Amino acid sequence: MFIEISGLRKSFGQGESRVEVLRGIDAGIEKGEFTVLLGPSGSGKSTLLNIIGGIDSADDGYISIGGEKTRDMSEKALTLYRRKHLGYVFQMYNLIPNLNIKENIEVGAYLSDSPLDVDELLKALGLYEHRHKLPNQLSGGQQQRTAIGRAVIKNPDILLCDEPTGALDYKTSKEILAIISDLNRKYGSTVLMVTHNDAIKNMADRVIKLRDGVVRKNYLNETKLTAEELDW
Amino acid sequence: MKNPLNKRLPRELKSELPKYLIIFLFFVMTISAVSGFLISDNSLRTATEDAFSKFSIEHGNYEFTERSSDEDIKAIEQECGIRIYENFYKEELVQSLEDTTFRVFGERTEINLVDVWEGSLPSADDELGIDRLFAKNHDLGIGDTIRFADKEFRISGIVALTDYSCLYQNPSDMMFDNDKFGVGVLTKSGFDKVRDDHIHYSYSWLYNNEPADDAAAKTAAEELVAKLSAHGSIERFIPAFSNNAIQFALNDMKGDSMGIVIFLYVIIIILAFVFSITISNTITKEAGTIGTLRASGYTRGEMIRHYMILPMLTLTAGAVVGNLLGYTLLNDIFAAAYLNSYSLTTYETLFTPEAFVKTTLIPFVLMFFINLIMLVSKLKLSPLRFLRRDLKKRSRKKAFRLNTKIPIMIRFRLRVIFQNLPNYIMIFFGVLFAEFMIMFSLIFGPMLDTFQENTTDHLLAKCQYILKAPVPTGTEGAEAYTASSLRTIEDETGIVEEDVTIYGLDRGSSYIALSSEKGKVDISTAYHKKYGVDIGDKIKLKDQYSGKVYELEVGGYYEYPAIIAVFMDREELNGILGYEDGYFNAYFSDNTIEDIEEKYIATRITETELTKTSRQLMRSMGSMMIVFTLFGTVIYVLVIYLLAKIIVEKNTQSISMTKILGYNDGEINSLYIHSTTIVTVISLLVSLLICDRTLAVVMFQVFKSYSGWFEYVMTPGVAFKVLGLGLGTYLLVVFILSRKVKKIPLDEALKNVE
């Protein structure tokens, strides 16, 4: 397994207000798989993604990436791990507001020794003519495409997407999903996408369903739909 | 019901406690200092002004070479409409102190009355009332003795001679000197028993009808001196309005008061802008909430009041505590600073409302309006704009372009700089102001050193003896010359009248080589620089007493960089002044002249005499300069820290995001902190140039009222110190900010998502 999740536990708060968000998660993901983490609000899917991304830590259990356990990594090593292996896409894009579109993507490129070509990627994402604009001058879909561009420009091993279509309309959401799927195919990145949209599971290689902090289902899709074929 | 929004104020205060505490302490520090200063300044100034009538201070004084008869005095009084009072003094070297002159007066009963600080006025012939400051500088107290004119006197009282609030030995002196020159009073018979070798027939006068103002006093003085000259040979004539010994302290206190209040307002304006940038940042951060509140019915006024409360409370609290400290503790400290420079009369501390108005009400109004203007402008957008977080007044179609060949990290930094331009502009002004203060304080020492070096390195002779009569000497190397003193004429340059020493020399003098041809004069390089007079120009100088104006053509410069002087052929000078051929009244000599009786020597001009200006300035201003350096440094830290902190806070989410992307702390610092570093370093360098040029002008203005030429010098040492201090304090800020950046959590980027 490329990503191995074992006995992962995480809780927030203390005493009576303590909430156990992850209650012992075990799962595995192969390299290059497109995995969808599905579950209702509060199921722990974003927390799990954040722990995989090294921006949060587990109380118990571990995550191993390519045989290396993240809990054993120092803060510096975790930074290096994110730098070399991860790309992150959030629901709210989190673009740097005072950099233009191209520069936002270059911020990602800077971290890689062998980044993809920025202009080519801008064209592929349909952003080339907007490259000199600031994020607040673009639509939500364009901003999310920029966020995806920033994540994939360094050609990461793993692309983590946290509700990437959560703030987008139907049509734009499908466009974004298509882009992520294409990138997964084209560059072989392992994609982990958190969503509460049940329809998206149909385009994934693997589906992990969470509820109340435990894995309820973990299966491989035998047949996959394209983003265009999805409907909800 | 109270506005529930107010409940968040204590929480805001708690969460931003370091910021508010630093600003509060700075307000306390500044306001207490200014308040304490204004209280002491006002108390001492009032006492000094009241002294004119309380102690019957003269309207002027003159000195004749010979004593006037009673009939003569009556005749002058009638002719000139004045009352004349004998105010003779004897000037002797203090035998118990090195190189120190003491001027002693007889009992004063009608004019320039003596104020007693401690002890009592002398009642026996060997008792002395001594100037407070001179006594303090020489550790003399009641019961101690002092020896001059081969007599010993016991100090019976520590006093202030009210016509010597500032210890100027001569009205034409560049500077007062309360270390090497002192004054005191004896009883009438005690004074008579002191030898008459150095007696000065000085007369004070009071007008029967006092002139209404300085202009009228000037006219009256011009008329008076013309009439007096018919009654005797005038040695000195000095109306009170131009007598530094009477006026300097008062003028200085007035000038200081204005300067320090301006200093306070500049600081308040800088801090008001710091606050307005902070509030502006908070409004941007809370745009969604503000939009919701406005949409729910909260008025713009309520929002403005809400955001105004904490800055105004901080200032009010700072002003209250500052004034309390100023009124109770610091006024004594500042009064002591004045009393260490001037021989002022006793005084009472006056708690006037002036300090409160200047240090509390006016700063309050300044702070209120600067923040109000910012808030009104920021909050006039519609609730919808706030809800959409669209706070830009003008929406830009495109971001301005940066050449893509510039590496992304540099472009990133540039974007950070442009994004935070208001903060950086304020940092620039903060740095400029702080650097000006620091440079002003640091440049003072080198300027005085340069003056001292210029004086001592270019001494005309080891000693100059000014004689009362042309007496021959057999001293080896002594060279006779004619010395005279004329005055510059006040013109549109604003330089006040000052004495110019005219040296009449033999051609081929072994002390000074004249370079100008016959009929022309050499001027000192100090004259050339201060007045901008060049070779070929004509200078006009006047005789102070006769009013006669002399026009001289400049034919050369003589390297004499600190003193305003004219050098010319002796016979030509004698001719101009109406002296006989071969006349002289002074000697240059590198050896001590011992074969001339003391009574023929009017003055000895030595290195000590020439350098007393720089010594006194350093003594009076040295400690003040340290305070300036400290204040400047605190402003550096305060302004840079508060504004750079805002930049980091404003970009918290972006910083968190870059951390998630994999940027390490060093790289993040290089983006968000080094941008501030670039601006700070550029500000320091640009400010250095601006301050240098500004200080050259300011220092000219500061020193133009002093006789002589204080050359403005910006030494590399000062430049390095200013930059070093700026960079050193900035490193401290970098350290604090780096810790702040390091503490920004990775999940910050996941918060506040809308």
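In the block above lies the structure referred to throughout.
Residues numbered from 1 in each chain as written. Chains lettered and ligands numbered in written order. Predicted model: local features only at pLDDT ≥ 70, side-chain atom pairs only at ≥ 80, totals over all residues. Heavy atoms only, no water.

Draft legend 1. A look at the overall build of chain B. Each helix and strand counted, chain B has 21 helices and 20 strands in total. When each of the 754 residues of chain B is scored for burial, the buried share is 54%. Across chain B, every contact between residues at least 6 apart in sequence was considered, and the portion connecting residues at least 24 apart equals 82%. Approximately 32,600 Å² of chain B is accessible, and the part contributed by carbon and sulfur atoms is 57%. (Helix = DSSP H or I, 4+ residues; strand = E, 2+ residues; numbered from the N terminus. Buried < 20%, exposed > 50% of the residue type's maximum accessible area, 1.4 Å probe, protein only. Contact = heavy atoms within 4.5 Å. Areas by Shrake-Rupley, 256 points an atom, 1.4 Å probe, with all protein chains shown as cover.)

Draft legend 2. A look at the sheet that holds strand S6 (residues 86-89) of chain A. Residue and element names in this part refer to chain A. Pairing is mixed in the open sheet, where 6 strands are placed in the order S6-S7-S8-S3-S9-S10. Both edges of this open sheet fall to S6 and strand S10 (214-220), since each of them pairs with a single strand only. Neighbouring strand axes in the sheet, compared pairwise and without regard to direction, differ in orientation by 15 degrees on average. Docked against the sheet, helix H5 (residues 140-152) engages S6 and strand S7 (158-162), running at close to 170 degrees with respect to S6. Where helix H6 (residues 170-187) meets the sheet, its contacts fall on strand S3 (34-38), S7 and strand S8 (190-195), and the angle it forms with S8 comes to roughly 155 degrees. (Pairing = 2+ DSSP bridges. Axes fitted to C-alpha atoms, helices over the stretch in contact; angles between N-to-C directions.)

Draft legend 3. Layout of the packing of aromatic side chains. All names here are of chain B. This structure, assessed with the given rule, holds 42 aromatic pairs over all chains. Both rings, one in Phe 368 and one in Phe 369, keep their centres 5.4 Å apart while their planes meet at 90 degrees; by these two values the pair is edge-to-face. Overall, Phe 368 belongs to the partly exposed group, its relative accessible area being 31%. Relative accessible area serves as the criterion here: at 44%, Phe 369 is assigned to the partly exposed category. Their ring planes at 20 degrees and their centres at 5.9 Å tell us that Tyr 503 and Phe 588 sit as a pair that is stacked. (Phe/Tyr/Trp six-rings, centres within 6.5 Å; stacked < 30°, edge-to-face > 60°.)

Draft legend 4. Region of the structure containing the interface of chain A and chain B. Across the contact, 28 residues belong to chain A and 31 residues belong to chain B. Buried area between chain A and chain B, summed over both chains or domains, comes out near 2,900 Å², and the portion from carbon and sulfur atoms is 60%. On the chain A side of the contact with chain B, A:Asn98, A:Tyr110 and A:His132 bury the most area, a combined 21% of that side's loss. Inspection of the chain A/chain B interface yields 4 salt bridges. At the junction of chain A with chain B, the criterion picks out 8 residue pairs in polar contact (both at pLDDT 80 or more). Put simply, the parts of the chain that give the side of chain A that touches chain B at least two residues each are helix H2 (75-85) and helix H3 (101-109) of chain A. Looking at the side of chain A that touches chain B element by element, the count peaks at 5 residues for H3(A). By residue class, the composition of the side of chain A that touches chain B is 11 nonpolar, 9 polar and 8 charged. (Buried area = accessible area lost by both parts, 1.4 Å probe. Salt bridge = Lys/Arg side-chain N within 4 Å of Asp/Glu carboxyl O. Polar contact = N/O pair within 3.5 Å; in protein donor to acceptor, adjacent residues only side chain to side chain. Nonpolar A, V, L, I, M, F, W, Y, C, P; charged D, E, K, R; others polar.)

Draft legend 5. Highlighting empty space enclosed by the protein. Residue and element names in this part refer to chain B. Per the stated rule, a full pass over the model turns up 6 cavities of 30 Å³ or more. Taken together, 14 residues make up the lining of the largest cavity; nearest its centre are Glu 12, Tyr 20, Thr 282, Tyr 307 and Leu 310. At the level of elements, helix H1 (8-15), helix H2 (17-54), helix H7 (244-285) and helix H9 (300-339) are the ones that each hand at least two residues to the lining of the largest cavity. Each residue belonging to the lining of the largest cavity can be placed in one class, and the counts come to 7 nonpolar, 3 polar and 4 charged. Its boundaries defined by the atoms lining it, the second largest cavity holds a volume of some 60 Å³. (1 Å grid on protein atoms, 1.4 Å probe; cavity = no way out; pocket = protein on both sides within 12 Å on 5 of 7 lines; lining within 4 Å. Points joined across faces, edges and corners; volume = space filled by probe spheres on them.)

Draft legend 6. Representation of the pattern of salt bridges. Across all of its chains, the model carries 40 salt bridges over all chains by this definition. Taking the shortest distance from any N to any O, the salt bridge between B:Lys358 and B:Glu354 comes out at 2.6 Å. Taken together, the positions of B:Lys358 and B:Glu354, both in helix H10 (residues 354-379) and 4 residues apart, correspond to about one turn of that helix. Taking the relative accessible area as the measure of exposure, B:Lys358 reaches 23% and is therefore partly exposed. One continuous salt-bridge network, built from bridges that share partners, spans A:Glu103, A:Glu106, B:Arg411 and B:Arg415.

Draft legend 7. A look at unusual backbone geometry. All names here are of chain B. In the Ramachandran plot, Asp 99 falls in the positive-phi region, its phi being about 55 degrees despite a non-glycine side chain. Its place among the elements puts Asp 99 in the loop between strand S3 (89-93) and strand S4 (101-105). Although it is not a glycine, Asp 150 sits at a positive phi angle of roughly 60 degrees.

Draft legend 8. Focus on a nonpolar patch on the surface. All names here are of chain B. Where nonpolar side chains cluster on the molecular surface, the patch consists of Val 320, Val 321, Leu 324, Leu 325 and Leu 329 and spans about 410 Å² of accessible area. With respect to the secondary-structure elements, Leu 324 resides in helix H9. Assessed through its relative accessible area of 55%, Leu 324 is described here as exposed. (Patch = residues over 30% accessible without salt bridge, like charges linked within 9 Å, V, L, I, M, F, W, Y side chains within 5 Å.)

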